[in-house]
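So the chains spell out like this:
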Amino acid sequence: QLQLVESGGGLVQPGGSLRLSCAASGFSFDYYVIGWFRQAPGKEREGVSCISSSDGSTYYADSVKGRFTISMDNAKNMVYLQMNSLKPEDTAVYYCAADWLMTEQAMCITRPPSIPLDYWGQGTQVTVSS
């Protein structure tokens, strides 16, 4: 029933920008958290940025602070990740996920992520290279 679909990935040069989108459907909880995660080859999936529906509070990993911005469009059930000043180390598959039990900070910092498999999207590839 729950469905999350990511889009917007692609190939970009260092210093460039991309905007990722996550379309969420199949749930209508009063409280939920949507998070962006990424996984590079050979590395653990990590939280990038998460946002809460209750008050719009956000969390950002230190590696992306000042460069990435997460936002929500409640009318369209969309969550976005604006990525600026991209670096080669940002290269990864980016996923969005949903949760109903954790704060946005807990969702993003838990390692490895504890979100059930059914609450993830399929991922979108971001490659930062010259």
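Report follows, based on the coordinates. Here the structure is a predicted model, which means the values were calculated and not measured.

**Focus: the overall build of the protein**
When helices and strands are counted, the protein shows one helix and ten strands. Reading the protein from its N terminus to its C terminus gives the helix and strand order β-β-β-β-β-β-β-β-β-α-β. A compact globule built from 130 residues would reach a C-alpha radius of gyration of about 14 Å, and the protein, at 14 Å, matches this within 12%. Along the first, second and third principal axes, the C-alpha set of the protein runs to 45 × 30 × 25 Å. Within the protein, buried positions represent 45% of all 130 residues. Put simply, of all contacts in the protein between residues at least 6 apart along the chain, 61% involve residues at least 24 apart.

**Topic: the sheet that holds strand β4 (residues 33–39)**
The strands that make up a sheet pair up through hydrogen bonds in the backbone, lying either parallel or antiparallel. The strand order across the open sheet formed by six strands is β2-β10-β9-β4-β5-β6, and the pairing between neighbours is mixed. Two strands bound the open sheet, and with one partner strand each, they are β2 (10–12) and β6 (58–60). Between one strand axis and the next, the sheet turns by 20° as a mean value, whatever way the strands run. As paired elements, strand β5 (residues 46–52) and β6 share three bridges and run antiparallel to each other. Bridging from a neighbouring strand, Ser49 pairs with Tyr60 of β6.

**Side note on the state of the cysteines**
The full count for this structure, using the stated rule, is two disulfides. Covalently, Cys22 is tied to Cys96 through a disulfide, its sulfur atoms 2.1 Å apart. Looking along the S-S bond of the Cys22-Cys96 disulfide, the torsion reads about 70°, which is the right-handed sense. Taken as a pair, Cys22 in strand β3 (residues 18–25) and Cys96 in strand β9 (residues 92–99) lie far apart in primary sequence, 74 residues in all. The exposure class of Cys22 is buried, given its relative accessible area of 0%. Given the relative accessible area of 0%, Cys96 is considered buried. In this model Cys50 forms its disulfide with Cys108; the gap between the sulfur atoms is 2.2 Å. Measuring handedness by torsion sign, the sulfur bridge of Cys50 and Cys108 sits at about 95° and is right-handed. Here the residue Cys50 occupies a position in strand β5, and Cys108 occupies one in helix α1 (residues 104–109), the gap between them amounting to 58 residues.

Rules of the game
- Residues numbered from 1 in each chain as written.
- Predicted model: local features only at pLDDT ≥ 70, side-chain atom pairs only at ≥ 80, totals over all residues.
- Heavy atoms only, no water.
- Helix = DSSP H or I, 4+ residues; strand = E, 2+ residues; numbered from the N terminus.
- Rg over C-alpha atoms; globule rule 2.2 N^0.38 Å.
- Buried < 20%, exposed > 50% of the residue type's maximum accessible area, 1.4 Å probe, protein only.
- Contact = heavy atoms within 4.5 Å.
- Pairing = 2+ DSSP bridges.
- Axes fitted to C-alpha atoms, helices over the stretch in contact; angles between N-to-C directions.
- Disulfide = S-S within 2.5 Å.

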